[in-house]
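What the coordinates show
If you want the building blocks of each chain, they are given just below.
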Amino acid sequence: MSEQSVLYDVPGPRAKRRNVLLTVVFLVALAALIWWVVQSLADKNQLAWVKWRPFFADSRAWETYLLPGLKNTLIAASLAMVIALPLGALFGIARLSEHWWVRGAAGTVVEFFRAIPVLILMLFANAAYSEFTDISPDSRPLYAVVTGLVLYNASVLAEIVRAGILSLPRGQTDAAKAIGMRKNQVMRHVLLPQSVTAMLPAIVSQLVVIVKDTALGGALLGFSELLASVRPMSANYGANTIASFTVVAVIFVVLNFALTSFASWLEGELRRGKKSTGAVVGADAVDQLATPGEHVSHDDLGGAGGTSSK
């Protein structure tokens, strides 16, 4: 029996003909849909060169609208990422604390902000900055967007961190404690380094969400991000809304593809840099990791070794 037949039943002659027929029908339907969309756009003069010319022959469209909007999008997304990542890691670790009051407080914060839509968080933050701070109206949308993104995505990242750490075998913690590591040393030197590789795809997916959610600030808060540049650009270049949305969508695709490609490269480097799935602790570092007053034999590193008093 082949390996392929173990996973699923090999289709017979009738099933193969049926699959080919369904594939052909699907492709014909997809081609018809694409033709209808293109024809509809052509009938409404949306494919005319005059609608697309500003993006290829007029640098003012980029200098005045697209590049400033892209700059604001990158600023908001970068600030949110830089703040949300360590904050999410902190709350994720706090949810694993052995102290109930730390675990309970962190869980309450995470569940509260994770349950509220990010747009509502942005609106509340904007109202709070307007009422209780002297931040200028021009800068307030940026502060509100970053605050909303941080509160929501830090909560989601906290759950990602918690799930990544819990996915590790229990023996990792037991082995680390057996050689004399304290709880914070186990977390820093054993659990977190191993869980980062497993968490990376989910973290990158959340970072992509951060980039896209910056558009919510432009929709209701007047934040001059990339998507918000469509309306003035379309009004200035003869109602080329379809062309403007298409160009902005392509920029978002390229931006997020670059982010995911970098993360894939980083994940591959991390995996290649590990010779095993366990954390590697050098023999010369064991004495530093052990609790004060204790000495760990280098021979104990190969198994569930314990500590011996000096």
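Going by the structure above, here's the rest.
My aim in this report is to walk through the structure given alongside it, one point at a time. Note that residues are indexed from 1 along each chain, following the sequence as it is written. Where totals are concerned, whole chains, interfaces and linings use all residues; where local detail is concerned, this predicted model gives features only for residues with pLDDT of at least 70, and gives and counts side-chain atom pairs only at 80 or more. Think of the side-chain values as coming from all heavy atoms in the structure, minus any hydrogens and water.

**Quick look at the nonpolar core**
Under the convention used in this document: Residue types Ala, Val, Leu, Ile, Met, Phe, Trp, Tyr and Cys, when buried and joined through side-chain atoms within 4.5 Å, form a set referred to as a nonpolar core. Here's how the labels work: a residue is buried when its accessible area is under 20% of the maximum for its type, exposed when over 50%, partly exposed in between, all with a 1.4 Å probe on protein chains only. Secondary structure elements follow DSSP: runs of H or I no shorter than four residues count as helices, runs of E no shorter than two count as strands, and numbering proceeds from the N terminus. Every residue pair with non-hydrogen atoms within 4.5 Å of one another is taken to be in contact.
By size, the foremost hydrophobic cluster in this structure holds 48 residues, and its most contacted members are Phe-55, Leu-66, Val-145, Leu-149, Leu-191 and Ile-210. Counting only elements with at least two residues in this core, the list comes to helix 3 (49–57), helix 4 (60–94), helix 6 (118–132), helix 7 (140–166), helix 9 (183–220), helix 10 (230–236) and helix 11 (241–272). No other element matches the 11 residues that helix 7 contributes to this core. Setting aside its immediate chain neighbours within four residues, Ile-210 contacts Ala-77, Ala-80, Met-81, Leu-149 and Asn-153.

**What about the packing of helix 4 against helix 9?**
The cut-off we apply is this: The angle between two axes is taken between their N-to-C directions and runs from 0 to 180 degrees, where each axis is a line fitted to C-alpha atoms and a helix contributes only its stretch in contact. Left-handed describes a crossing in which the near helix is turned anticlockwise from the far one by less than a right angle; the clockwise case is right-handed.
Where helix 4 contacts helix 9, the axes come no closer than 10 Å and their chain directions differ by 145°. As helix 4 runs across helix 9, the sense of the crossing is right-handed. Between helix 4, through Thr-73, Ala-76, Ala-77, Ala-80, Met-81, Leu-85 and Ile-93, and helix 9, the contact on the second element is made entirely by Met-187, Leu-192, Ile-203, Leu-207, Ile-210, Val-211 and Thr-214.

**Observations concerning the pattern of salt bridges**
Opposite charge on two side chains allows them to pair when their charged atoms are near. Here is the rule: By definition, a salt bridge exists where a carboxyl oxygen of Asp or Glu is found within 4 Å of a side-chain nitrogen of Lys or Arg.
In the structure shown here, the tally under the stated rule is 5 salt bridges. When the shortest N-O distance is used, the salt bridge between Asp-58 and Arg-60 registers 3.1 Å. The buried category is assigned to Asp-58, whose relative accessible area is 13%. Linked by salt bridges that have partners in common, Arg-95, Glu-111, Arg-114, Glu-159 and Arg-162 make up one network.

**As for helix 9**
The line we're drawing: In a helix, the anticipated span is given by 1.5 Å times the number of residues less one. Two axes define the bend at a residue: one fitted to the seven residues ending there, one fitted to the seven starting there, and the bend is the angle between them.
Across its 38 residues, helix 9 extends only 46 Å between first and last C-alpha, which sits more than 12% below the 56 Å expected from 1.5 Å per residue. Within helix 9, the axis deviates most sharply at Met-199, by approximately 55°, and proline Pro-201 lies no more than four positions further along. Immediately downstream of helix 9, the backbone of Gly-222 shows phi near 75°, a positive value.

**Side note on the packing of helix 6 against helix 7**
Each pair of packed helices can be described by the angle between their axes along with the distance between the axes. Worth spelling out the cut-off: Throughout this description, any angle smaller than 35 degrees is read as roughly parallel, any larger than 145 degrees as roughly antiparallel, any in the 65 to 115 degree range as roughly perpendicular, and the remainder as oblique. Classification convention: Asp, Glu, Lys, Arg as charged; Ala, Val, Leu, Ile, Met, Phe, Trp, Tyr, Cys, Pro as nonpolar; all other residues, Gly among them, as polar.
Axis separation between helix 6 and helix 7 bottoms out at 8 Å; the angle between their running directions is 135°. With respect to their mutual orientation, helix 6 and helix 7 come out oblique. The chirality of how helix 6 crosses helix 7 is right-handed. Every residue of helix 7 that contacts helix 6 at Val-118, Leu-121, Met-122, Ala-125, Asn-126, Tyr-129 and Ser-130 is listed here: Arg-140, Pro-141, Tyr-143, Ala-144, Val-145, Thr-147, Gly-148, Leu-149, Leu-151 and Tyr-152. Partitioning the contact of helix 6 with helix 7 into residue classes produces 12 nonpolar, 4 polar and 1 charged.

**Some remarks on the environment of Pro-232**
Positionally, Pro-232 belongs in helix 10. On the basis of relative accessibility, which here comes to 37%, the residue Pro-232 falls in the partly exposed class. Here the alpha-carbon distance between Pro-232 and Tyr-65, two residues 167 residues apart in the chain, equals 7.9 Å.

**Re a nonpolar patch on the surface**
Counted only if it meets this: Like charges are joined within 9 Å and nonpolar side chains (Val, Leu, Ile, Met, Phe, Trp, Tyr) within 5 Å, but only among residues with over 30% relative accessible area and no salt bridge; these make up the patches. Per-residue accessibility takes into account occlusion by the displayed protein chains alone, with areas from the Shrake-Rupley method and a 1.4 Å probe.
On the surface, Phe-26, Leu-27, Leu-30, Leu-33, Ile-34, Trp-35, Trp-36, Val-37, Val-38 and Leu-47 cluster together into a nonpolar patch covering about 1,000 Å² of accessible area. Mapped onto the elements of the fold, Leu-33 is located in helix 2 (residues 13–43).

**Observations concerning the side chain of Arg-140**
Convention followed: When charges are counted, neither His nor the chain ends are considered; positive counts come from Lys and Arg and negative counts from Asp and Glu.
With respect to the helices and strands, Arg-140 occurs in helix 7. Here Arg-140 occupies a buried position and makes no salt bridge, while the nearest side chain of opposite charge, Asp-138, is found at 8.7 Å.

**Observations concerning the packing of aromatic side chains**
Formally: Pairing of aromatic side chains here covers Phe, Tyr and the six-membered ring of Trp, requires ring centres within 6.5 Å, and sorts the geometry by plane angle: under 30 degrees stacked, over 60 edge-to-face, intermediate tilted.
Throughout the structure, instances matching the rule amount to 5 aromatic pairs. Measuring from ring centre to ring centre gives 6.0 Å for Trp-49 and Phe-56, while their planes differ by 25°; the resulting arrangement is stacked. Using a relative accessible area of 53% as the deciding quantity, one classes Trp-49 as exposed. A centroid spacing of 5.9 Å and a plane angle of 70° characterise the contact between Tyr-129 and Tyr-143, whose relative ring orientation is edge-to-face. Placement of the pair is Tyr-129 in helix 6 and Tyr-143 in helix 7, with a sequence separation of 14 residues. Assessed through its relative accessible area of 41%, Tyr-143 is described here as partly exposed.

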